[in-house]
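Descriptive structure summary
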Amino acid sequence: MSYTSYTYLLIFLGAVFICYTALPKKFKWTVLLISSYVFYWINSKRLIIFLLLSTVAVYFAGVFLNRINDTAALAKKGLEKEEKKQVKALVNWQKRAVVALAVGFIFTILLVLKYSAFFAHSLNSAFGFLHFEELKFMLPLGISYYTLQAAGYIIDVYRGKYRASENFGKVALFLSFFPQIVEGPIGRFDLLADPLYEGHSFDYDRLCKGVQLIFWGLFKKTVIADRVNIFVSEVFGSYKYYSGSIILLGGLLYTLQIYAEFSGCMDIVTGSAEIFGVPLSKNFERPFFSKSVNEFWRRWHITLGAWLRDYVFYSVSLSRPFMKLSKFAKKHFNEFLGSLVPASFALFFTWLGIGFWHGAGWKYIAYGLYYYAIMTAGMYLEPLFAKLYSALKIKRDSKPLNIFRVARTVILVVGGMMLFRADTVGVWVGMLKCVFTSFGAGGFLKTALTLGMDKQDFLIVAVGAAVMLIISILQEKGINVRDSLARQKLPVRWCAYAALVMAVVIFGAYGPGYDAVDFIYGQF
Amino acid sequence: MEELIDILEEIKPGVDWEKETDLIGNHILDSLKIVQLVGALNDEFDIEITPIDIVPENFKTAETIYAMVKRLEDE
């Protein structure tokens, strides 16, 4: 049941909303829990067992951590400072064991189901005498998202950020909430717990705003993303038959597709959750206005970046061995390198994690390392850029420089997206080679119109992308488009809503030639 | 407080640290700078800043950083 299907939008979401509204406040969260498990069952059937296993592991780990903390608090009463330290050390050891077991267990499930074929294949290829069976498993829906969410929850409890919930149903709801189970955003317990469990009464404005956001997401997904899919698939599937200019257009359209689709899906799910008064975390903040790749990743798939920052980057870079490395580097290099060398080590793990999270394949690891290479190069070359700007008397905040930096970021990101979409790293290199060596602009238009998109399709995509761009520019200027629209007079407001609905119905990519396209990020 | 300002100045020169009201929101301190800062604070004040302390509220202004350092010194 896709988020863009009528079954989800009209039947499922409608039925859940009616039940949620009809039931008394204290039972409302159970409606969300039951509907989330029904949603999961419809999509994943028996694989629901893996979601349940992870939930049970995390729930019991949380309860154990609560018990350890309670016992320690009692034991510490009346003790001297030194004795308290001894208790703390013992307690920390116990807590670490519980977290390691729980996180190890849920990540083992993820690794076995998602990566065992990749590991077996890589080992068999590297060592001829090994013959591991390359087992491929069906992946439970959203396993890469709920595993991170579950691990984040239990690590936060371990770190003392909040107390674990002792209500199994509530933990189960936090990990399975149907709007975010397929593609995230990866939620945090301290932000989601209250809105999920407290139960909200019917609110007309909230309903309108939620539906409005759902339609905006549908617009991005069906009018823009799905329409370019045939073109993109053709170019990436048989790039050898096309000139560099067509490949470049394919890369640009894929970048547009993945952004419209992923951010569109986030709008649909955020709107779905908003109807129930649950605010989901933001996953996109107009990433294509970024002036650096670093900034791009602060504005693209924000919850994944934040997760890796909080639970991988800080854990690694603040660990004792890394602190020692940092001191060593400061002692033996100059101040600049002393601070960069350890940081680049810690970042390596973060980017390896980003690459690996996206999929079981070398190209995904290359994808993570592509950004790692760009970012570390940027860090190490920073003094050189500073000197260059100063020599050329270019102001850091000048408009032309900012336009150049945005364009440079877009080019680097399109390169990264092409790697993400290409079948292998070799194909990606081949495509880039074509772009640089046989651009072949002659006959560009003629060929472009034979790859599954006619003039009308290009026009619809261009208008759709322009609408998206205008709204992004307004938001970038600090204008809250949704609130501004809400302040308009009723006829204006309803005309805008009607135009959006009509655009989805009339210009959405349906019918012959357009199969319902799965969400790209729903396959992780 | 002076020691803290010296450390901050060393990590990122040219910022009016005592007047800045949102070091995180205004991207003055990013995750790399925070790690450098934590290393320096741990050494200078003999404290242990752990990942749980790394929340925007603790790094919002020079004063909130100072308050965190004082709290960890007392623990």
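Whatever comes next refers back to the structure up there.
Summarised in this report is the structure supplied together with it. Computed from a predicted model, the values in this text were never measured in an experiment. (Residues numbered from 1 in each chain as written. Chains lettered and ligands numbered in written order. Predicted model: local features only at pLDDT ≥ 70, side-chain atom pairs only at ≥ 80, totals over all residues. Heavy atoms only, no water.)

**So, the overall build of chain B**
- Across its full length, chain B holds three helices and zero strands.
- Put simply, chain B runs from its N terminus to its C terminus through helices and strands in the order α-α-α.
- A burial count over chain B gives 45% of its 75 residues as buried.
- In chain B, the share of contacts with a sequence separation of at least 24, taken over all contacts with a separation of at least 6, comes to 53%. (Helix = DSSP H or I, 4+ residues; strand = E, 2+ residues; numbered from the N terminus. Buried < 20%, exposed > 50% of the residue type's maximum accessible area, 1.4 Å probe, protein only. Contact = heavy atoms within 4.5 Å.)

**Remarks on the interface of chain B and chain A**
- Taken together, the 19 residues of chain B in the interface contact 20 residues of chain A.
- Note on chain B versus chain A: buried area summed over both sides is about 1,500 Å², and carbon and sulfur give 67% of it.
- The largest per-residue losses of area from chain B upon contact with chain A belong to Leu32, Pro51 and Ile52 of chain B, which jointly make up 34% of the total buried on that side.
- The interface formed by chain B and chain A includes one salt bridge.
- Between arginine 320 of chain A and glutamate 48 of chain B there is a salt bridge whose closest N-O contact spans 3.6 Å.
- Seen at the junction of chain B and chain A, the total is zero residue pairs in polar contact (both at pLDDT 80 or more). (Buried area = accessible area lost by both parts, 1.4 Å probe. Salt bridge = Lys/Arg side-chain N within 4 Å of Asp/Glu carboxyl O. Polar contact = N/O pair within 3.5 Å; in protein donor to acceptor, adjacent residues only side chain to side chain.)

**A closer look at the pattern of salt bridges**
All names here are of chain A.
- Going through the model one piece at a time under the given rule, you end up with 20 salt bridges over all chains.
- Aspartate 70 is paired through a salt bridge with arginine 163; the nearest N and O atoms lie 3.0 Å apart. Taken together, the residues span a long stretch of sequence, with aspartate 70 in helix 3 (residues 48-76) and arginine 163 in the loop between helix 5 (143-159) and helix 6 (168-176) at a distance of 93 residues.
- Exposure remark for aspartate 70: the relative accessible area of 32% places this residue in the partly exposed category.
- Looking at arginine 163, the relative accessible area reads 47%, which means it is partly exposed.
- By sharing partners, the salt bridges in this structure join Arg67, Asp70, Arg163 and Glu166 into a single network.

**Remarks on the environment of threonine 376 of chain A**
Residue and element names in this part refer to chain A.
- With respect to the element layout, threonine 376 can be found in helix 14 (residues 362-391).
- For the pair threonine 376 and alanine 343, spaced 33 residues apart in sequence, the C-alpha to C-alpha distance is 9.1 Å.
- Here tyrosine 372 takes part through its backbone oxygen, which lies 2.7 Å from a polar atom of the side chain of threonine 376.

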